[in-house]
Amino acid sequence: MLFVSLALSSCGPDGGAAAPAASQSPAPDRVSSTPRQVPTTAPPRSTTPEPDPPTVVLDAGHNGGNASALSEINREVPAGRGRMKPCNTTGTATDDGYPEHVFNFDVAKRVGEALRARGVRVVGTRDSDDGVGPCVDRRAAIGNEVNADAVVSIHADGSSTQGSGFHVAFSDPPLNPAQGDPANRLATTVLDAMAAEFPVADYIGEGGLSGRDDLAGLNLSEVPAVLVECGNMRNPDEASVMSTPEGRQRYADAITEGVLAYLG
Ligand SMILES: [Zn+2]
């Protein structure tokens, strides 16, 4: 019986029985051909999913066209915590007339270039400095839509000439988990990197940090977000730094370092 059984099974693949041959031969062919192709088409390692690059949204505050579109930017939009705020504002300027929106856009561009060079996916909330808006609620939505690992809004303040230094604002009290520990950690890494290069603000916040409940971009963010006020444009010393490309590169380098420290 054993001999007969072996004989029958050995005849099947030789074409003795059509149905078994048809059903059996393709399967072994597929099984044996697939492994042979793997080394020639792609190394086995390529099948391991590569981690997505981290995504950072850079939000350069204000915009160059805002001043000539006041009715549009004064339109009220949701600002979080049940409040409404103007869509956007014009921003401040140095006493010599160097506008904040130019500073913000240039620093954001420099940060973006540095982060991209480190493999970070960078998304901006505006791609030029001569447009209008976007509104603050739309800026927050961009970070949420791309599920950003971090959102950094870049601004410069316009306080009294005596005040100086940078500060990092975060949503306080937090409205969701991302605004809690993750945003606080992002604020701290950016603070540390900025503090290595620039003085902390002596006119607002505490030790360079400022918890805020009135900033729409932070209130509406569902991902870790901070707003950096790089300095006070009304302070002559800081204004002179902000007005030079070298100075803006220093701000950009510090922000980049803080973001990279957060991303790990
Ligand atoms: Zn601003």
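First things first, this report covers the structure right here in the doc. (Residues numbered from 1 in each chain as written. Predicted model: local features only at pLDDT ≥ 70, side-chain atom pairs only at ≥ 80, totals over all residues. Heavy atoms only, no water.)

### With respect to the overall build of the chain
From N to C terminus, the chain includes 10 helices and eight strands. In the chain, the proportion of contacts linking residues at least 24 apart, taken out of those at least 6 apart, comes to 79%. Working note: accessible area of the chain is about 13,600 Å², and carbon and sulfur atoms make up 55% of it. (Helix = DSSP H or I, 4+ residues; strand = E, 2+ residues; numbered from the N terminus. Contact = heavy atoms within 4.5 Å. Areas by Shrake-Rupley, 256 points an atom, 1.4 Å probe, with all protein chains shown as cover.)

### Some thoughts on the nonpolar core
If you look at the biggest cluster of nonpolar residues, it comprises 36 residues, and the most contacted ones within it are Phe103, Leu115, Met194 and Ile255. Broken down by element, the residue count for this core peaks at seven residues, all from helix α10 (residues 245-263). Apart from residues lying up to four places away in sequence, Phe103 is in contact with Tyr98, His155, Ala156, Cys230, Met233, Met242, Arg248 and Tyr251. With 11 residues, the next largest nonpolar core counts Val123, Ile142, Ala148 and Val223 among its residues. (Core = buried A, V, L, I, M, F, W, Y, C linked by side-chain atoms within 4.5 Å. Buried < 20%, exposed > 50% of the residue type's maximum accessible area, 1.4 Å probe, protein only.)

### Considerations on the pairing of strand β1 (residues 55-60)
Among the six residues that make up β1, six are buried, leaving the element largely enclosed by the rest of the structure. Burial along β1 is two-sided: Thr55, Val57 and Asp59 and Val56, Leu58 and Ala60, pointing in opposite directions, are all buried. Sheet analysis places β1 next to strand β4 (residues 121-124), joined by four bridges and oriented parallel. When the sheet's bridge partners are listed, Leu58 is paired in β4 with Gly124. Looking at chain direction, β1 and strand β5 (residues 150-157) are connected through five bridges and run parallel. Looking at β5, one finds that Ala60 is bridged to Ile154. (Pairing = 2+ DSSP bridges.)

### Here we look at the state of the cysteines
Taken as a whole and judged by the stated rule, the model has one disulfide. Covalent S-S linkage joins Cys87 and Cys135, the inter-sulfur distance amounting to 2.1 Å. The sign of the -90° torsion about the S-S bond sets the Cys87-Cys135 disulfide as left-handed. In this pair, Cys87 is assigned in the loop between β3 (83-86) and α5 (100-117) and Cys135 in the loop between β4 and α6 (136-145), connecting sequence segments 48 residues apart. Under the relative-accessibility criterion, Cys87 is labelled buried at 2%. (Disulfide = S-S within 2.5 Å.)

### Re the packing of α5 against α10
Taken N-terminus to C-terminus, the directions of α5 and α10 make an angle of 50°; their axes are 8 Å apart at the nearest point. Accordingly, the angle class assigned to the pair α5 and α10 is oblique. At the point where α5 passes α10, the crossing takes the right-handed sense. On α10, the residues touching Phe103, Asp106, Val107, Arg110, Val111, Ala114 and Leu115 of α5 are Pro245, Arg248, Gln249, Tyr251, Ala252, Ile255, Thr256, Val259 and Leu260. Here the residues of the contact of α5 with α10 sort into 11 nonpolar, two polar and three charged. (Axes fitted to C-alpha atoms, helices over the stretch in contact; angles between N-to-C directions. Parallel < 35°, antiparallel > 145°, perpendicular 65-115°, else oblique. Left-handed = near helix turned anticlockwise from the far one by under 90°. Nonpolar A, V, L, I, M, F, W, Y, C, P; charged D, E, K, R; others polar.)

### Here's the deal with the packing of aromatic side chains
In this structure the tally under the stated criterion is two aromatic pairs. Ring geometry for Phe103 versus Tyr251: centroids 5.5 Å apart, planes at 85°, classification edge-to-face. Of this pair, Phe103 sits in helix α5 while Tyr251 sits in helix α10, and the two are 148 residues apart along the sequence. The pair Phe103 / Tyr251 is uniform in exposure class, with both members buried. (Phe/Tyr/Trp six-rings, centres within 6.5 Å; stacked < 30°, edge-to-face > 60°.)

### Notes on α6
The set of residues buried in α6 consists of Val136, Arg139, Ala140, Ile142 and Gly143. In an axial view of α6, the angular spread of the buried residues amounts to 150°, which keeps them on one side of the axis. On its buried face, α6 is in contact with β1, β2 (76-80), β3, β4, β5 and α8 (216-219). Remark: Asn147 follows α6 within two positions and exhibits a positive phi of approximately 50°. (Arc of directions from axis to C-beta.)

### Let's talk about the pairing of strand β7 (residues 209-212)
As defined by bridge partners, strand β6 (residues 167-171) adjoins β7 across four bridges and the pair is classed as parallel. Looking across to β7, one finds that Ala169 is bridged to Ser210. A crossover links β6 with its parallel partner β7, the connecting element being helix α7 (residues 181-195), and its sense is right-handed. (Right-handed = clockwise from strand over helix to strand, strands pointing away.)

### Quick word on the sheet that holds β7
Read across the sheet, six strands follow the order β4-β1-β5-β8-β6-β7 without closing on themselves; strand pairing throughout is mixed. Edge strands, defined here as strands with exactly one partner in the open sheet, are β4 and β7. Across the sheet, the mean angle from the axis of one strand to that of its neighbour is 25°, orientation sign disregarded.

Without other data, these values stay purely geometric and don't point to any function.
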